[in-house]
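Reading the structure
Chain residues, written in single-letter form:
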Amino acid sequence: MIVGKNIHKSFGDLEVLKGVDLHVKPQEVVVLVGVSGSGKSTLLRCFNFLEMINSGEITIDGHTINPKKEDLAKIRAEVGMVFQHFNLFPHKTVLENVIEAPVTVKKMKKEEAKKLGMNLLRKVGLEDKADVYPSKLSGGQKQRVAIARSLAMEPKVMLFDEPTSALDPELVGEVLQVMKQLAEEGMTMVVVTHEMKFAKEVADRIIMIDQGTIIESADPKNFFENPQNERTKQFIQLVE
Amino acid sequence: MPDLFIDVYDVFMRTYPGFLEATVVTLQLTAIGVILGTLIGLIFALMKISGSKILRGIANLYITVIRGTPLIVQIMFLYFGIVEIYTMSNFWAGAIALGVHNGAYIAEIFRGAIQGVDPGQREASLSLGMNRKQTMQRIVFPQALRRSIPPLGNQFIITLKDSSLVYIIGVAEIFSLANREAAQSYQPFESFLVVALYYLVLVMIFTFLLRLYENKLDVDKA
Ligand SMILES: Nc1ncnc2c1ncn2[C@@H]1O[C@H](COP(=O)(O)OP(=O)(O)O)[C@@H](O)[C@H]1O
Ligand SMILES: [Mg+2]
C-alpha cells in the first residue's frame, strides 16, 4: 500500500534517514519504535510529503510519486496523518474541523459532509461534542477528533506520530481504543508509539529505527522474544 | 494652584465649542489612516511572506524607509509631493500620509501574526489534502487575523495621537485647536494642558472599547 525504497533525507549536514526501506502491505499495521531523534517522525513526514526526500522512491497504492511533477495536495489527501499535538483548528467547531477538508477539497455538499462528519464523530464517541470548540475538549477527545478529521478524507493509509505522547495517562486508553478499532476494520496504519502493549496487541509488524536506519523488523512475538540486534535488545529492556 | 485651575477652566470653556468639530477631523484622520494602513499593510505583509525575492525586496524597502524616517517628514514629503501635483485637500494629503505610514507598521503586525500561527496548523491542513492557497485562506489567515486585533487596536491609538502632526499642513484637528488658542490667549501652558486632556480621554475611551472587544473574542474562542 505504501512503499519506501532507499529513502535518504538530510537537514543540512545532518543525515536523518540513511536509506530506509519500508513496505507496508494493505491492511497491515506497522508500529515504528526507536529512541528519540532516530528519525521516526521524519520518516512519517516524508510519507506525507511534509518533508521532501533527497533520494529514493515513495510508492502509494502502486503509484510511484514524482513530487516535482505531481499535485502533492492530492497525494496527501490519500495519506491521513495524526499528530502528537492534535493540531485541531481552534477557530472551528469539532464538526467544522471534521468537514473542513471534504467541503474545501472534495467540494462535498455541506449537508452530505455534516452527515459524514456526524457518523465519524459517532465512531470516535464524540457526537455530543460536534458544536463545541476544541479548547473545550480534553486531550484524549482532541486526538479522537483529529482521527475523525483525518478519516473524513477516506485516506488509504493512516500515519500516527506518537498520538498518545501528549496525553495524561488516564486518557491514553480511549485513543488507543479508537486506533485498535480502526486496525480491526482493516485500515492500513503506520504508528509511531511508545505504547508497547498496543504494539503487542495490534501490530502485525514492529520496526525498530536507529540513527536513520531500520535495524529490526519482526512480528511482535519475535520482536520482543527474539530480537536480533543488540540495540533492539537494549531498547526492549528499557521499555519493559 | 487655584489660579491655574481657573485658567484651565477658561481655556476649556473657550475651546470646547470647536472641540467637537476638531475631534471629528482627528477621528476621520485616524480612521482613514488605519483603514488605508490596513490595506497597504495586508499587501506588503503578503509580499513579505511570498516566495518571490523581488516582492520581498520591495516590501522590505518600503518598511525600512517608512520606519526609518519621521512621520512629520513623511507628511511634508507627501504634502509637497501630491498636493502640488494633483489637486488634493490638505486633509487628504494628511490622511494618506498617515495611511502610508501605518502601512509599514501594520504590515509587520500582519506578518508577525501570520508567522505566529503554530506551524502545526499549516501541516495539519496540508496533510488533509488542502493546497497552499486553501490552507492560507481557511486555516492560517483567520487565526492570524484574531492574533492581529490587539496590536491593530494599539496601532489605532498610536495613530490617534500621531494624527496631531498633521496640524503642520494646516488641517484643523484637535492639536491645531491648542495651537491657535495658545497663540491667541497667551496661555500656552493651559492650552496644551487642555488638549492633552482631550487626547487622554479619547485614548481612554478607545482603550476601554478595545478591551471589551478583545474580551468578547476570547469568550467566542473558548
Ligand atoms: N526540520 C528539521 N530541521 C532540522 N533538523 C531536523 C528537522 N526535523 C528533524 N530534525 C532532526 O532530525 C533528527 C530526527 O528527528 P525526528 O525524525 O523528529 O526523530 P524522532 O521522531 O525519531 O524523535 C533529530 O536529530 C532532529 O533534530
Ligand atoms: Mg518524533
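Next up on the list: the site of ligand 1. Residue and element names in this part refer to chain A. Near ligand 1, the surroundings consist of F11, L14, V16, V35, S36, G37, S38, G39, K40, S41 and T42. Within the backbone of K40, one N or O atom sits 2.9 Å away from an oxygen atom of ligand 1. The separation between an oxygen atom of ligand 1 and a polar side-chain atom of S41 is 2.7 Å. Protein burial of ligand 1: of its 550 Å² of free accessible surface, 59% is covered by the chains.

Our next topic: the pattern of salt bridges. Inspection of every chain in the model, using the stated rule, returns 22 salt bridges over all chains. A salt bridge links E201 of chain A to K197 of chain A; its shortest N-O distance comes to 3.3 Å. Pair noted here: E201 of chain A and K197 of chain A are both in helix α7 (residues 196–202), with a separation of four residues, about one helical turn. Exposure remark for E201 of chain A: the relative accessible area of 47% places this residue in the partly exposed category. Close ionic contact of E108 of chain B with R67 of chain B constitutes a salt bridge, the shortest N to O distance being 3.7 Å. Remark: R67 of chain B occurs in helix α2 (residues 53–67) and E108 of chain B occurs in helix α4 (residues 90–116); sequence separation between them is 41 residues. One connected set of salt bridges, linked through shared partners, spans K9, R45 and E51 of chain A together with E123 of chain B.

All names here are of chain A. Spatially, β2-β1-β4-β5 is the arrangement adopted by the four strands of the open sheet, whose pairing is antiparallel. With one partner strand each, in any of the chains shown, β2 (14–24) and β5 (63–64) form the two edges of the open sheet. Judged from the two bridges that link them, strand β4 (residues 55–60) and β5 form a sheet pairing that is antiparallel. Considered in β5, the bridge of T59 is made with T64.

Attention now moves to the interface of chain A and chain B. Taken together, the 26 residues of chain A in the interface contact 21 residues of chain B. Close ionic contact of R45 of chain A with E123 of chain B constitutes a salt bridge, the shortest N to O distance being 2.8 Å. Where chain A touches chain B, the interface holds seven residue pairs in polar contact (both at pLDDT 80 or more). Elements represented by at least two residues in the side of chain A that touches chain B include exactly α2 (72–78), β6 (79–82), α3 (94–104) and α5 (139–151) of chain A.

Attention now moves to the side chain of T30 of chain B. Residue and element names in this part refer to chain B. Among the structural elements, T30 can be located in helix α1 (residues 2–49). Its relative accessible area of 0% is what places T30 among the buried residues. Separated by 2.7 Å, the side chain of T30 and the backbone oxygen of T26 make a polar contact. When near neighbours in sequence (up to four residues on either side) are disregarded, T30 contacts F156, T159, L160 and S163.

Residue and element names in this part refer to chain A. Among the five residues in strand β8 (residues 188–192), five count as buried, and that is most of the element. Going residue by residue along β8, you find T188, V190 and V192 tucked away on one face and M189 and V191 tucked away on the opposite face as well. Across four bridges, the pairing between strand β3 (residues 29–33) and β8 is parallel. Along β8, the bridge assignment pairs V30 with V190. In terms of strand pairing, strand β7 (residues 157–161) meets β8 through five bridges, oriented parallel. Counted as the bridge partner of V157 is T188 from β8. Read as a crossover between parallel neighbours, the route from β7 over helix α6 (residues 169–184) to β8 is right-handed.

With that settled, the discussion passes to the sheet that holds strand β9 (residues 205–210) of chain A. All names here are of chain A. Reading across from one edge, β6-β7-β8-β3-β9-β10 is the order of the six strands in this open sheet, with mixed pairing throughout. Every other strand in the sheet has two partners, leaving β6 and β10 (213–218) as the edge strands with one partner each. On average, each strand axis in the sheet is tilted by 20° relative to the strand beside it, whichever way the strands run. Sheet topology note: the β3/β9 ladder contains four bridges and is parallel. Bridge pairing in β9 links V30 to R205. Against the sheet, helix α1 (residues 40–47) touches β3, β6, β7, β8 and β9, its axis set at about 150° to β7. Contacting β3, β9 and β10, helix α9 (residues 230–239) runs over the sheet at an angle of about 105° to β9.

Cut-offs used in this document
Residues numbered from 1 in each chain as written. Chains lettered and ligands numbered in written order. Predicted model: local features only at pLDDT ≥ 70, side-chain atom pairs only at ≥ 80, totals over all residues. Heavy atoms only, no water. Near = heavy atom within 4 Å. Polar contact = N/O pair within 3.5 Å; in protein donor to acceptor, adjacent residues only side chain to side chain. Areas by Shrake-Rupley, 256 points an atom, 1.4 Å probe, with all protein chains shown as cover. Salt bridge = Lys/Arg side-chain N within 4 Å of Asp/Glu carboxyl O. Helix = DSSP H or I, 4+ residues; strand = E, 2+ residues; numbered from the N terminus. Buried < 20%, exposed > 50% of the residue type's maximum accessible area, 1.4 Å probe, protein only. Pairing = 2+ DSSP bridges. Contact = heavy atoms within 4.5 Å. Right-handed = clockwise from strand over helix to strand, strands pointing away. Axes fitted to C-alpha atoms, helices over the stretch in contact; angles between N-to-C directions.

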